[in-house]
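# Observations on the model geometry
So the chains spell out like this:
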Amino acid sequence: MRDEYCEIYRVNTKDEWINSAYDEDGNAVCCDRCGGEMRWDPKGRSWRCPECGREMERIEYFEYIGAQPPGSECLTNCAENYPFCKRSCEWFSERSQ
């Protein structure tokens, strides 16, 4: 990719895909404060805007994106990036059968 100064820089596409924030429809989630793209912080287990530092915990993030989690366990026990966690979630797979 190129930045605004036309300098080429490397992008970790796996990180971009895994740690990006998406809503239920697969659209990127923008920060409600500055418009920057929200990112999943696996260490903090929250979503953070790299532009302004805004951080959202799980319940706040779900409300913000209008998520339909599979159950209360998703709000309290899961520590993965939603909605990617649905692919390996035991609670989600039980409810979707």
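Cut-offs applied
Residues numbered from 1 in each chain as written. Predicted model: local features only at pLDDT ≥ 70, side-chain atom pairs only at ≥ 80, totals over all residues. Heavy atoms only, no water. Helix = DSSP H or I, 4+ residues; strand = E, 2+ residues; numbered from the N terminus. Buried < 20%, exposed > 50% of the residue type's maximum accessible area, 1.4 Å probe, protein only. Areas by Shrake-Rupley, 256 points an atom, 1.4 Å probe, with all protein chains shown as cover. Arc of directions from axis to C-beta. Contact = heavy atoms within 4.5 Å. Pairing = 2+ DSSP bridges. Core = buried A, V, L, I, M, F, W, Y, C linked by side-chain atoms within 4.5 Å. Lys, Arg positive; Asp, Glu negative; His and termini not counted. Salt bridge = Lys/Arg side-chain N within 4 Å of Asp/Glu carboxyl O.

### Quick word on the overall build of the chain
Helix and strand counts for the chain stand at four helices and three strands. Tracing the chain from N to C terminus, the helices and strands come up as α-β-β-β-α-α-α. Relative to its 97 residues, the chain shows a buried fraction of 34%. Total accessible area computed for the chain in this model is approximately 6700 Å², and 45% of it derives from carbon and sulfur atoms.

### Details of helix 2 (residues 58-65)
Looking at helix 2, one finds that the buried residues are Arg 58, Tyr 61, Phe 62 and Ile 65. All buried residues of helix 2 lie within an arc of 100° about the axis, which places them on one face of the element. The inward-facing, buried residues of helix 2 contact strand 1 (39-41), strand 2 (46-48), strand 3 (55-56) and helix 3 (72-76). Just downstream of helix 2, Gly 66 is the residue with a positive phi angle, here 70°.

### A short note on the sheet that holds strand 3
Here three strands make up an open sheet; going across it, the order is 1-2-3 and the pairing antiparallel. Each edge of the sheet is formed by a strand with only one pairing partner; in this case those strands are strand 1 and strand 3. Pairing geometry for strand 2 and strand 3, over two bridges, is antiparallel. Looking at strand 3, one finds that Trp 47 is bridged to Met 56.

### Structural notes on the nonpolar core
Ranked by size, the top nonpolar core spans 16 residues in total, and within it Met 38, Trp 47, Tyr 61, Phe 62 and Tyr 82 carry the most contacts. The greatest single-element share of this core, amounting to three residues, is contributed by helix 2. With residues up to four places along the chain from it excluded, the contact list for Tyr 82 reads Tyr 22, Glu 24, Trp 47, Arg 58, Tyr 61, Phe 62, Ile 65, Ala 67, Gln 68, Pro 69, Pro 70 and Cys 74.

### A word on unusual backbone geometry
One non-glycine residue, Arg 45, lies in the positive phi region at around 55°. Tracing the sequence through the fold places Arg 45 in the loop between strand 1 and strand 2.

### Some words on the side chain of Arg 58
Residue position: Arg 58 is located in helix 2. In this structure, Arg 58 is buried with no salt-bridge partner, the nearest side chain bearing the opposite charge being Glu 80 at 8.0 Å. Discounting residues that sit within four places of it in the chain, Arg 58 has contacts with Trp 40, Trp 47, Cys 74, Leu 75, Cys 78, Glu 80, Tyr 82 and Cys 85.

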